[in-house]
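If you want the building blocks of each chain, they are given just below.
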Amino acid sequence: MKVVLQDGVYVRGLYLEGAGWDRKNSCLVEAEPMQMVCPIPTIYFKPVENCRKMSKSELFVDFLSSSHEHLSGMYMCPCYYFPVRAGRAGRPSFVVGVELRSGDAAPDHWIK
């Protein structure tokens, strides 16, 4: 992708774990049998102003408290730096929550 952006960034190379991605309908689906991870399309992240700076642990707590306040049909999917969600040696792994369409399933279906 060779597009110059005023704001934001395109991120590629992300994967879903425990779910699949329906490219035609742009939503979550059940993973195929024996499919451990599923690549998802490039995502455009646009920055928004935050009133206060939060630590990584505060961001994660904020994510957990808001993850059940879904927009209709949207799942707040956690995004991690490392496959091991606990992180590494004092470095948390959680980065951001990404809203994804939950498809035919309710958003809570994807919480395992």
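Before any of the text, the structure's been laid out above.
Residues numbered from 1 in each chain as written. Predicted model: local features only at pLDDT ≥ 70, side-chain atom pairs only at ≥ 80, totals over all residues. Heavy atoms only, no water.

(A) How the structure looks around the overall build of the protein. Helices and strands together make up the secondary structure of the protein, namely one helix and eight strands. Within the span of the protein, comprising 112 residues, buried residues form 24% of the whole. Counting only carbon and sulfur atoms, one obtains 56% of the accessible surface of the protein, whose full area is about 8,600 Å². (Helix = DSSP H or I, 4+ residues; strand = E, 2+ residues; numbered from the N terminus. Buried < 20%, exposed > 50% of the residue type's maximum accessible area, 1.4 Å probe, protein only. Areas by Shrake-Rupley, 256 points an atom, 1.4 Å probe, with all protein chains shown as cover.)

(B) View of a nonpolar patch on the surface. The grouping of Val 3, Tyr 10 and Tyr 44 at the surface amounts to a nonpolar patch, some 280 Å² of accessible area in total. With respect to the helices and strands, the residue Tyr 10 is situated in strand E1 (residues 9–11). For Tyr 10, a relative accessible area of 36% puts it in the partly exposed group. (Patch = residues over 30% accessible without salt bridge, like charges linked within 9 Å, V, L, I, M, F, W, Y side chains within 5 Å. Salt bridge = Lys/Arg side-chain N within 4 Å of Asp/Glu carboxyl O.)

(C) Expanded view of the nonpolar core. One finds Leu 16, Trp 21, Leu 28 and Leu 100 to be the most contacted residues of the largest nonpolar core, which totals 13 residues. Taken together, the elements giving at least two residues each to this core come down to strand E7 (74–80) and strand E8 (94–101). With three residues, the top contributor of residues to this core is E7. Those residues in contact with Trp 21, other than ones at most four positions away along the chain, are Leu 16, Ser 26, Cys 27, Leu 28, Val 29, Cys 38, Pro 39, Ile 40, Pro 41 and Leu 100. (Core = buried A, V, L, I, M, F, W, Y, C linked by side-chain atoms within 4.5 Å. Contact = heavy atoms within 4.5 Å.)

(D) Summary view of the side chain of Ser 93. Turning to its location among the elements, Ser 93 is positioned in the loop between E7 and E8. Residue Ser 93 is classed as buried on the basis of its relative accessible area, which comes to 1%. What Ser 93 contacts, discounting residues up to four positions off in sequence, is Cys 79, Tyr 80, Tyr 81, Phe 82, Val 84, Arg 85, Ala 86 and Gly 87.

(E) A look at the pairing of E7. Taken across its seven residues, E7 has five buried, putting it largely inside the fold. In terms of strand pairing, E7 meets E8 through seven bridges, oriented antiparallel. Directly across from Met 74, in E8, lies its bridge partner Arg 101. (Pairing = 2+ DSSP bridges.)

(F) Representation of the packing of aromatic side chains. Scanning the entire structure with this criterion turns up two aromatic pairs. Seen from their ring centres, Tyr 10 and Tyr 44 are 5.2 Å apart, and the 45° between their planes marks the pair as tilted. Pair noted here: Tyr 10 is in strand E1 and Tyr 44 is in strand E6 (residues 43–45), with a separation of 34 residues, a long-range link. (Phe/Tyr/Trp six-rings, centres within 6.5 Å; stacked < 30°, edge-to-face > 60°.)

(G) Unusual backbone geometry, seen in detail. Not every positive phi belongs to a glycine, and Ser 26 is a case in point at roughly 50°. With respect to the helices and strands, the residue Ser 26 is situated in the loop between strand E3 (20–22) and strand E4 (27–29). Unlike most non-glycine residues, Met 34 shows phi in positive territory, near 70°. Considering the arrangement of structural elements, one finds Met 34 in the loop between E4 and strand E5 (37–39).

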